[in-house]
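Each chain is listed here by its residues.
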Amino acid sequence: MILTGGLKSLLPHVLRRIIRCNRLSISNTSGMAEGYKQANVIILHKSLADDFEKFCHANDGPLPLLHRSKPGDWKCPSLSSDSDIRTDCLQYRIYQHGACTGSLKSLKDYSEQLKDMVTFYLGCSFSFEKAVQNAGVPVRNVEQKCNVSMYKTGVPCYSVSAFCCNLVVTTRPIPESKLEAAVLATSELKEAHGAPVHIGHPGLLGIQDLSKPDFGDPVHLHPGDVPVFWACGVTGVEAVINCRAPLAFTHSPGCMFVTDLKNDSVTVRSSGQVPQVYCISQDPLHYSVVSAEAVQKIKTLETLIGIDPGDRGIIHLLRQDELLKACLAISHAQSVLITTGFPTHFTYEPPEENDGPPGALAIAAILQALEKEVAIVTDQRAMNLNKKIIGEAVQLGILKRPVPLLSYQRESADSALMFLCENGNPGRPRFDHLIAIERAGMAADGNYYNARKVNIKHLVDPIDELFLTAQTIPGITTTGVGDGGNELGMGKVKDAVKKHIKHGDVIACDVEADFTIVAGVSNWGGYAIACALYILSTCEIHDRYLRKAVGFPQLSKKMVWLEALPSVTKEEKLLKTLVRHGVRSGKTASLEMEVDGLPFYNTHSLMIEKLQ
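Here's what I pulled together on the structure shown here. (Residues numbered from 1 in each chain as written. Predicted model: local features only at pLDDT ≥ 70, side-chain atom pairs only at ≥ 80, totals over all residues. Heavy atoms only, no water.)

## Topic: the pattern of salt bridges
Then step 1. Counting across every chain of the model gives 27 salt bridges.
Then step 2. Between aspartate 260 and arginine 16 there is a salt bridge, and its shortest N-O distance comes to 2.9 Å. Residue aspartate 260 is located in strand S12 (residues 257-262), and its partner arginine 16 is located in helix H1 (residues 12-20); the two are separated by 244 residues in the primary sequence.
Then step 3. Owing to a relative accessible area of 25%, aspartate 260 belongs among the partly exposed residues under this scheme.
Then step 4. The closest approach of N and O atoms between lysine 115 and glutamate 112, which form a salt bridge, is 3.3 Å.
Then step 5. Residue glutamate 112 is classed as exposed on the basis of its relative accessible area of 54%.
Then step 6. The structure contains a network of salt bridges with shared partners spanning Glu352, Asp379, Arg381 and Arg439. (Salt bridge = Lys/Arg side-chain N within 4 Å of Asp/Glu carboxyl O. Helix = DSSP H or I, 4+ residues; strand = E, 2+ residues; numbered from the N terminus. Buried < 20%, exposed > 50% of the residue type's maximum accessible area, 1.4 Å probe, protein only.)

Pasting the structure below:
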């Protein structure tokens, strides 16, 4: 037997010859023939070959197709010299009608059957391990001299005919400080699965226990390591099992076909297409990936909305990248709850101001276009008003359909938990993300104040409790949008509010959100969220990460998303609708109804033009 000592530096054709002679004491090919591409192997009857090829193209993250053979062709000159697919993998598996019926060292005994079968060679993550190491990132499974860990997930692949299955992934523990380097090192290696499809808690993929992989070996995480998941070619094996072919062969997981191709064919990319990594949740731990170009566009939006037209000191409340991280979190959410409503005109009926509802509806419109579930929660006393506004927004074409309207009252100690989760079970939240925009926020003394330090608690339902309870529920993230520091979610910047905002020591909201978006006018923050979600949805790097590299890019829906964005015409119609229902401007005191000589509603329109 030949031991593993010098296998890393062996040329592929030498390694294949040794494998062919059955003279190796290794159980997998991780780290072998460093710098050369390795391949997963799927062998099917020729009648299934066309559909399987379509399945590969539809799920090219886990199944990057390197080569498809002709029926009965055991050699593969485009990938390797003097190879024989019947003998050149460490170990094979045989499947009959979907069941694995054994493991084999050679397929030569099946040569007659193989004459009517087609071999698919699919890219493998072992191919990128040397590139990752060259980037200064440790590869734990290589360090620990074991196979990589592979897991079945709950993520469905795009089905083609009889081929359907869930995604299989590999995981490699990566130090947090090296996450971006690992993504950069693999993102252009498309034939080796490319960039990761998930970074963070395995439960978000439906993986219950990292210590119990479905294939391969458990790999030990070092302190500070983050689980990083790449699409895996064993996905093809799962598809073979589910199609229940009478006879099929595959490599055994980890026992790859080693090619003669060097893994150095990296496409030159523009600086704007460089992927960047951001943490969007600590519980559960979750990172997102986005292009540098998209990041810069969203940073520009954040700068635009940070203008302080009333010179109220909000520049001191601004927090960098909060818009970006909030929208990354929202883009991963499936169900979003929005709240708005600031009854600043406490002596009028209705007491609401017109800052908040337009921004909330702009967010709701883009969420509908992105096919996410969205609902609005507001004060019980304002339900009829909001129902009318939502109905007219549908008629005006601002919304595709009515948004469910909810109210919240505290009836018991667990009312907020029951509202947010099915049957009050924290493991089954109804919403992934909560957004408050220009919503009166509770101060440290338990009261609610407008900018003039008037207590308006009697007009405000305790929706803050939903945000406070969300802090205790894994999987729910929150965003607060405000322009003065007394809005729900601004607790994150309350010290700055107390120091720099008039009456801040009294009016500052004490309730934090995970992300705090500060704008000159809160509606601007809503418009910016809508625009940022559009930018993220049209970012190819982020789109691939969202869909876990299975299925097809969603860019065909770009026009639908574009039509959902706020526009000057939509905004002017909506503001006129608010006026008809008696809703007044809330910024008259500080803006005196004009900004730079323009009426207040035109200031909204001007900002929309800038954002676009």
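Picking up after the structure, the text goes on.
## Some points on empty space enclosed by the protein
Over the atoms, a rolling probe the size of a water molecule traces out where space has been left empty.
Then step 1. Applying the stated rule across the entire model yields five cavities of 30 Å³ or more.
Then step 2. The computed volume of the largest cavity comes to approximately 80 Å³.
Then step 3. Taken together, 13 residues line the largest cavity, and the ones lying closest to its centre are Gly31, Glu34, Phe126, Glu129 and Lys130.
Then step 4. Elements with a contribution of two residues or more to the lining of the largest cavity: strand S1 (36-45) and helix H4 (129-134).
Then step 5. Sorting elements by how many residues they give to the lining of the largest cavity places H4 first, with three residues.
Then step 6. Considering only enclosed or pocket space, the second largest cavity measures out at about 60 Å³ in volume.
Then step 7. For the second largest cavity, the full set of lining residues is Pro358, Leu361, Ala362, Ala365, Ile398, Ala564, Leu565, Pro566, Lys570, Glu571 and Leu574.
Then step 8. Looking at the lining of the second largest cavity element by element, the count peaks at four residues for helix H10 (residues 357-369).
Then step 9. Split into classes, the residues belonging to the lining of the second largest cavity amount to nine nonpolar, no polar and two charged. (1 Å grid on protein atoms, 1.4 Å probe; cavity = no way out; pocket = protein on both sides within 12 Å on 5 of 7 lines; lining within 4 Å. Points joined across faces, edges and corners; volume = space filled by probe spheres on them. Nonpolar A, V, L, I, M, F, W, Y, C, P; charged D, E, K, R; others polar.)

## Some thoughts on the sheet that holds strand S19 (residues 477-482)
Then step 1. Taken in spatial order, the six strands make up an open sheet running S17-S16-S15-S18-S19-S20, and their pairing is parallel. Each of the sheet's edge strands pairs with one partner strand only, and the pair in question is strand S17 (405-407) and strand S20 (515-518). Across the sheet, the axes of successive neighbouring strands diverge by a mean angle of 25°, strand direction being ignored.
Then step 2. Direction of pairing for S19 relative to S20: parallel, over a ladder of four bridges. Bridge pairing in S20 links glycine 482 to valine 518. (Pairing = 2+ DSSP bridges. Axes fitted to C-alpha atoms, helices over the stretch in contact; angles between N-to-C directions.)

## With respect to unusual backbone geometry
Then step 1. For the bond running from aspartate 283 to proline 284, omega is -5°, close enough to zero to count as cis.
Then step 2. Locating proline 284 in the fold gives a position in the loop between strand S13 (275-282) and strand S14 (285-291).
Then step 3. Residue proline 350 follows glutamate 349 across a cis peptide bond; omega there is 0°.
Then step 4. Tracing the chain through its elements places proline 350 in the loop between strand S15 (335-341) and H10.
Then step 5. For lysine 145, which is not glycine, the phi dihedral falls at a positive 55°.
Then step 6. Tracing the backbone through its elements, the reader meets lysine 145 in the loop between helix H5 (140-143) and strand S6 (149-156).
Then step 7. We classify lysine 145 as exposed; its relative accessible area is 75%.
Then step 8. The backbone phi angle of histidine 503 is positive, close to 65°, even though this residue is not glycine.

## Considerations on the nonpolar core
Nonpolar side chains tend to gather and get buried jointly when the protein is soluble and globular.
Then step 1. If you look at the biggest cluster of nonpolar residues, it comprises 65 residues, and the most contacted ones within it are Ile338 and Ile529.
Then step 2. When residues in this core are grouped by element, the largest group, eleven residues, is from helix H16 (residues 522-537).
Then step 3. The next biggest cluster of nonpolar side chains, apart from the first, holds 43 residues, and it includes Cys157, Val197, Val240 and Met256. (Core = buried A, V, L, I, M, F, W, Y, C linked by side-chain atoms within 4.5 Å.)

## Describing the sheet that holds S14
Then step 1. Read across the sheet, seven strands follow the order S9-S6-S7-S10-S8-S14-S13 without closing on themselves; strand pairing throughout is antiparallel. Whereas interior strands pair on both sides, the edge strands pair on one side only; in this sheet they are strand S9 (215-216) and S13.
Then step 2. Bridge count between strand S7 (residues 166-175) and strand S10 (residues 225-231): seven bridges; the pairing is antiparallel. When the sheet's bridge partners are listed, threonine 171 is paired in S10 with phenylalanine 229.
Then step 3. Each of S7, strand S8 (198-200), S10, S13 and S14 touches helix H6 (residues 179-187); the most contacted strand, S13, lies at about 135° to it.
Then step 4. Relative to S14, helix H8 (residues 292-305) is tilted by about 95°, and along the sheet it contacts S13 and S14. (Contact = heavy atoms within 4.5 Å.)

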